[in-house]
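Fold and contact review
Residue-level listing of the chains:
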Amino acid sequence: MNDERQKIMVRRFSHSAFIVLTSAVLLLCACAVPSIPARVVYEDPTNFVRLEPDPYVLPEFPQSQHSHPVALQAENVAALLRGIKVREFRTFIQTWIVGEALWEPVFREEEIQVLAPRIAEAFSRVRPDERVTFYLSLPQTSIKREITTGGLYVHENQLHFILGNHRIVYGIPAYGMVYDRRYPMRPTAPKGFETTFVQPEVVIPQRTSLLDQMFGRTKDELVIDLIKLGMSRSVVEGPAQPGGFL
């Protein structure tokens, strides 16, 4: 009888231990955060600029490498950021009913003051297989923040600017992974905007499909011709030079 009771107690203990162990493993998996091989250029409690590997640059395809590093003056970067505009994407029917949305600056002036010198520094350090990413946040409540995120890279004489999120209110999850800070290039919500530059003649049109047009992704990536913008090839490919390009 005692043996039978001991067996029951052992089974109960084993079952309880299994539940505790399983729960612990699941909790650790849920809290585990994959490492991001990024190099931080600047970071404070609400913003950062960093260098991240570009997954579209392939070692076996040298042509995919970017024209990095790049010499840029902070005032040039500031002028460039001021010239990027954004507006709400509207379908043909929406435009017919309420008209086109108004263009507005992507960045506030105080955001430009934070980003410009750090992006200029980042481009002086970025490798051909990396891109510069940025993250701006403005706390709304203890669990919500407004975020603007994205990235930039230079390929040949073209500056590519990708806006991942624009003044999106992001709810910080009570548990699990916080995606917005770890993946600044990824949208946290469907992109309902399009971008342009104040000098449309320097913007290089991108090929888009009918599906892209339907879902408002026709201007998902803004590409600016740096030569037309007034930047010489020596600035793009060589050391920093005085003066500006705007």
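Below: a short report on this structure. (Residues numbered from 1 in each chain as written. Predicted model: local features only at pLDDT ≥ 70, side-chain atom pairs only at ≥ 80, totals over all residues. Heavy atoms only, no water.)

**With respect to the layout of surface pockets**
There is about 550 Å³ of room inside the largest pocket. Contributing to the lining of the largest pocket are 20 residues, with Asp54, Pro55, Tyr56, Arg131 and Met185 lying nearest its centre. In terms of residue class, the lining of the largest pocket is made up of 11 nonpolar, 1 polar and 8 charged. (1 Å grid on protein atoms, 1.4 Å probe; cavity = no way out; pocket = protein on both sides within 12 Å on 5 of 7 lines; lining within 4 Å. Points joined across faces, edges and corners; volume = space filled by probe spheres on them. Nonpolar A, V, L, I, M, F, W, Y, C, P; charged D, E, K, R; others polar.)

**Focus: helix H2 (residues 74-83)**
Listing the buried residues of H2 in full gives Asn76, Val77, Ala78, Leu80, Leu81 and Gly83. For H2, the secondary structure elements touched by its buried residues are strand S3 (84-88), helix H4 (109-125), strand S7 (158-171), strand S8 (193-197), strand S9 (221-225) and helix H7 (226-229). (Buried < 20%, exposed > 50% of the residue type's maximum accessible area, 1.4 Å probe, protein only. Helix = DSSP H or I, 4+ residues; strand = E, 2+ residues; numbered from the N terminus. Contact = heavy atoms within 4.5 Å.)

**Examining the sheet that holds S9**
Read from one edge to the other, the open sheet built from 6 strands follows the order S1-S2-S5-S6-S7-S9, with strand pairing classed as antiparallel. Edge strands, defined here as strands with exactly one partner in the open sheet, are strand S1 (39-43) and S9. Geometrically, the sheet is characterised by an average inter-axis angle of 20° between neighbouring strands, direction not taken into account. Bridge analysis of strand S2 (residues 48-53) against strand S5 (residues 130-139) gives 6 bridges, and the strand direction is antiparallel. Of the residues in S5, the one forming a bridge with Arg50 is Thr133. Taken strand by strand, H4 contacts S1, S2, S5, strand S6 (144-155) and S7, and its axis lies near 155° from that of S1. (Pairing = 2+ DSSP bridges. Axes fitted to C-alpha atoms, helices over the stretch in contact; angles between N-to-C directions.)

**Points about the nonpolar core**
Residues Phe107 and Phe123 are the most contacted members of the largest nonpolar core, which totals 36 residues. The dominant element in this core, judged by the number of residues it contributes, is H4, at 7 residues. Residues in contact with Phe107, not counting those within four places in the same chain, are Leu81, Ile112, Leu115, Phe134, Leu136, Thr148, Phe161 and Arg167. (Core = buried A, V, L, I, M, F, W, Y, C linked by side-chain atoms within 4.5 Å.)

**Quick look at the pairing of S3**
Bridging between S3 and S8 involves 5 bridges; their strand directions are antiparallel. Residue pairing across strands places Arg87 opposite Glu194, the latter belonging to S8. With 2 bridges connecting them, S3 and strand S4 (residues 104-105) associate as antiparallel partners. In the strand pairing of S4, Val86 is matched with Glu104.

**Overview of the environment of Asn47**
As for its placement among the helices and strands, Asn47 is situated in the loop between S1 and S2. Placed 91 residues apart in sequence, Asn47 and Leu138 show a C-alpha to C-alpha distance of 8.8 Å. With residues up to four places along the chain from it excluded, the contact list for Asn47 reads Tyr42, Val114, Tyr135, Leu136, Ser137 and Arg181. In terms of polar contacts, Asn47 uses its side chain to reach the side chain of Thr46, at 3.1 Å. (Polar contact = N/O pair within 3.5 Å; in protein donor to acceptor, adjacent residues only side chain to side chain.)

**So, the pattern of salt bridges**
Following the criterion strictly, the structure yields 13 salt bridges and no others. Note that Asp180 and Arg145 form a salt bridge whose closest N and O atoms lie 2.9 Å from each other. Of this pair, Asp180 sits in helix H5 (residues 179-182) while Arg145 sits in strand S6, and the two are 35 residues apart along the sequence. Look at Asp180 and you get buried, because its relative accessible area is 2%. Connected through salt bridges with shared partners, the residues Arg39, Arg127, Asp129 and Glu130 form a single ionic network. (Salt bridge = Lys/Arg side-chain N within 4 Å of Asp/Glu carboxyl O.)

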